[in-house]
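Fold and geometry: a report
Take a look at the letters that make up each chain.
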Amino acid sequence: MTQEELNERIRKHDKWLRGEIGGERLDIGAQYDVRGLDFDGRDLRSAIFQGADLSFTSFCAANLKNAYLDDAIFNHTDFYKATISYNEDLILKLAENIKKSRQEEKQQ
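Keep in mind that what you see is a predicted model, and the values were worked out from it rather than measured.

Summing up its helical and strand segments, the protein chain has two helices and two strands in all. Projected onto its principal axes, the C-alpha coordinates of the protein chain cover approximately 50 × 30 × 25 Å. Residues classed as buried in the protein chain amount to 33% of the 108 residues present. Counted over contacts in the protein chain with a minimum sequence separation of 6, partners at least 24 positions apart contribute 17%. Counting every atom, the protein chain has about 6,800 Å² of accessible surface; 46% of that belongs to carbon and sulfur. Put simply, the protein chain has 16 plus and 20 minus side-chain charges, and the middle of one group is 3 Å from the middle of the other.

With that settled, the discussion passes to unusual backbone geometry. In this structure, S46 takes a positive phi of about 65° despite not being glycine. Of note, S46 is situated in the loop between α1 (3-18) and β1 (63-64). Positive phi outside glycine occurs at A61, with the angle close to 60°. Here A61 shows up in the loop between α1 and β1. Take A61: its relative accessible area is 48%, and that puts it in the partly exposed class.

Counting across every chain of the model gives four salt bridges. Of the charged contacts, one joins R18 and E20 as a salt bridge, the two residues approaching to 2.8 Å between their closest N and O atoms. You can call R18 exposed: its relative accessible area is 52%. Put simply, R35 and D33 hold a salt bridge, and the shortest N to O gap is 2.8 Å.

Take α1 next. In this model α1 runs 23 Å from its N-terminal to its C-terminal C-alpha over 16 residues, within 8% of the 22 Å that 1.5 Å per residue would give. Taken together, the buried positions of α1 are occupied by L6, N7, R9, I10 and H13. Mapping the buried residues of α1 onto a view down its axis gives an arc of 165°, with all of them on the same face. With respect to the buried face of α1, the exposed residues turned more than 90 degrees away are E4 and R18.

Bringing the nonpolar core into the picture now. Counting residues in each nonpolar core, the largest one holds 21 residues, and the members touching the most others are F39, L44, F49, L54 and F59. If sequence neighbours within four positions are ignored, F59 has contacts with F39, D40, L44, F49, L54, L64, T77, D78, F79, Y80 and A82.

This part takes up the environment of S58. With respect to the helices and strands, S58 occurs in the loop between α1 and β1. Sequence separation between S58 and R35 is 23 residues; the distance between their C-alpha atoms is 9.4 Å. One polar contact links S58 to D40, side chain to side chain, over a distance of 2.5 Å.

Rules used throughout
Residues numbered from 1 in each chain as written. Predicted model: local features only at pLDDT ≥ 70, side-chain atom pairs only at ≥ 80, totals over all residues. Heavy atoms only, no water. Helix = DSSP H or I, 4+ residues; strand = E, 2+ residues; numbered from the N terminus. Buried < 20%, exposed > 50% of the residue type's maximum accessible area, 1.4 Å probe, protein only. Contact = heavy atoms within 4.5 Å. Areas by Shrake-Rupley, 256 points an atom, 1.4 Å probe, with all protein chains shown as cover. Lys, Arg positive; Asp, Glu negative; His and termini not counted. Charge placed at Lys NZ, Arg CZ, Asp CG, Glu CD. Salt bridge = Lys/Arg side-chain N within 4 Å of Asp/Glu carboxyl O. Expected span 1.5 Å × (residues − 1). Arc of directions from axis to C-beta. Core = buried A, V, L, I, M, F, W, Y, C linked by side-chain atoms within 4.5 Å. Polar contact = N/O pair within 3.5 Å; in protein donor to acceptor, adjacent residues only side chain to side chain.

Written out as structure tokens, the structure is:
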């Protein structure tokens, strides 16, 4: 998926959030390659990222309240100032990724 294709799907998600015609909930699963794409500052409430590889993506200042992030992969994913609903599994994965990144830095 290109950034342009992602942006179009996010525009449809915005419409879905507002209850407008033509809106569609954002569903990025394992079948889509979004590694390295930019979700910065987007309203992604209730979006579905179940099983998605979100490696090297950026969610800076994005709103991820009630987003489904189960089984997603977060290698070097940037969540700086993102709003995330409490999700124990996500917190454990993020902690593991931070630990892994620090170990990689020490080895370099």
